[in-house]
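Coordinate inspection notes
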Amino acid sequence: MTTVTHTSATKSSTLVWAALVVFTVLSFALGGEEMITHGTLAAAVVIGIGAIKIRLVGLYFMELRSAPVVLRAAFEVYCAVLFVVLLGTYALA
Amino acid sequence: MTVDAVARPRAGQKPGHVPGEPGLWVLVFGDLLVFGVFFVMVLALRGQDPAEFVAAQQTLHVEWGVLNTIVLLTSSLFVVLGVRRAAERDPRAPRLLLAAVACGLIFAGVKAIEYTTLVQDGHRPAGDEFHAYYFMFTGVHLAHVLIGMSALLFAARLARPSFTGTHRNGALEGIATFWHLVDLLWIMLFATLYLMH
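Cut-offs used in this document
Residues numbered from 1 in each chain as written. Chains lettered and ligands numbered in written order. Predicted model: local features only at pLDDT ≥ 70, side-chain atom pairs only at ≥ 80, totals over all residues. Heavy atoms only, no water. UniProt positions renumbered as here; feature names shortened; annotations may be inferred. Phe/Tyr/Trp six-rings, centres within 6.5 Å; stacked < 30°, edge-to-face > 60°. Helix = DSSP H or I, 4+ residues; strand = E, 2+ residues; numbered from the N terminus. Buried < 20%, exposed > 50% of the residue type's maximum accessible area, 1.4 Å probe, protein only. Salt bridge = Lys/Arg side-chain N within 4 Å of Asp/Glu carboxyl O.

Under an unreviewed UniProt entry, the name given to chain A is Cytochrome c oxidase subunit IV, and the organism recorded is Sporichthya brevicatena. In UniProt, chain A has this text filed under Subcellular location (unreviewed entry): "Cell membrane".

Here is the structure:
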């Protein structure tokens, strides 16, 4: 039983890591020239990917998924506010 | 962990477990806010003169940033697996935490190369605003990396199956949480400094 849960936990952490690496490469491809051509849309995707990556690290690596609701909610709010404020600064500044 | 489960019963819900010490989360959210301000400052600087911002940004090598992002993500995975194995008294736990320290060394080495290259090319911290921000914000982050690495070295000792001190798992979780914070802060620092044009 312990071995089974251990293996599945290892598997899900490794999957999250793989997703984070894919997101990193994806945002690298979308930055630079793409952003100069597509402007705010590409910027929104790059900031969005950053916010999603932060959320994945928090929920799965920092184990906020199983933390008390208040702690998890505070973190989720941070991710959402960060996305809105950064995109707003990019678009309006 | 058992104490927490008993102390926090919640009807119809899995009892919540605070990773590490509750006080640690004050520091975590404090850092999240401070770096949140850094990210906004970078994008506000870009807004002042996008062309000048992009020109200054061209002096960075985005490939080094990508490499360092992947290095830190990998170190975080090592820490997750190391702490989990330590809780099971698996003798492989310390090695995983030391692997994370090695990742931290690679990260710091790459940053040293980046800093040296920039300064040799004449882009000093006291030069233009972009480079002032770059050196200051990545410097504060690098300090976090170095503190995290020392904490991880300590964690590798705690993770030995023979270690019998109290609060062992809580301390390991706390150090892990700090290291994930270091990883998390770099994600948006990388996006704003290297990727946003």
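Having seen it, we continue.
Below, the discussion takes up the packing of aromatic side chains. All names here are of chain B. A full pass over the atoms with the stated rule returns 13 aromatic pairs over all chains. Note on phenylalanine 107 and tryptophan 186: the rings are 5.1 Å apart at their centroids and 90° apart in plane angle, and the pair reads as edge-to-face. Here phenylalanine 107, found in helix H5 (residues 93-120), pairs with tryptophan 186, found in helix H7 (residues 168-195); they are 79 residues apart in sequence, far enough to count as distant. On the basis of relative accessibility, which here comes to 0%, the residue phenylalanine 107 falls in the buried class.

Our focus in this paragraph is the pattern of salt bridges. One pass over the structure, following the stated rule, counts 5 salt bridges over all chains. In this structure, the salt-bridge partner of B:Glu114 is B:Lys111, at a minimum N-O distance of 2.6 Å. Of this pair, B:Glu114 and B:Lys111 both sit in helix H5, 3 residues apart, roughly one helical turn. Just as B:Glu114 is buried, B:Lys111 falls in that class too. A cluster of three or more residues bridged by salt bridges with shared partners is formed by A:Arg55, A:Arg72 and A:Glu76.

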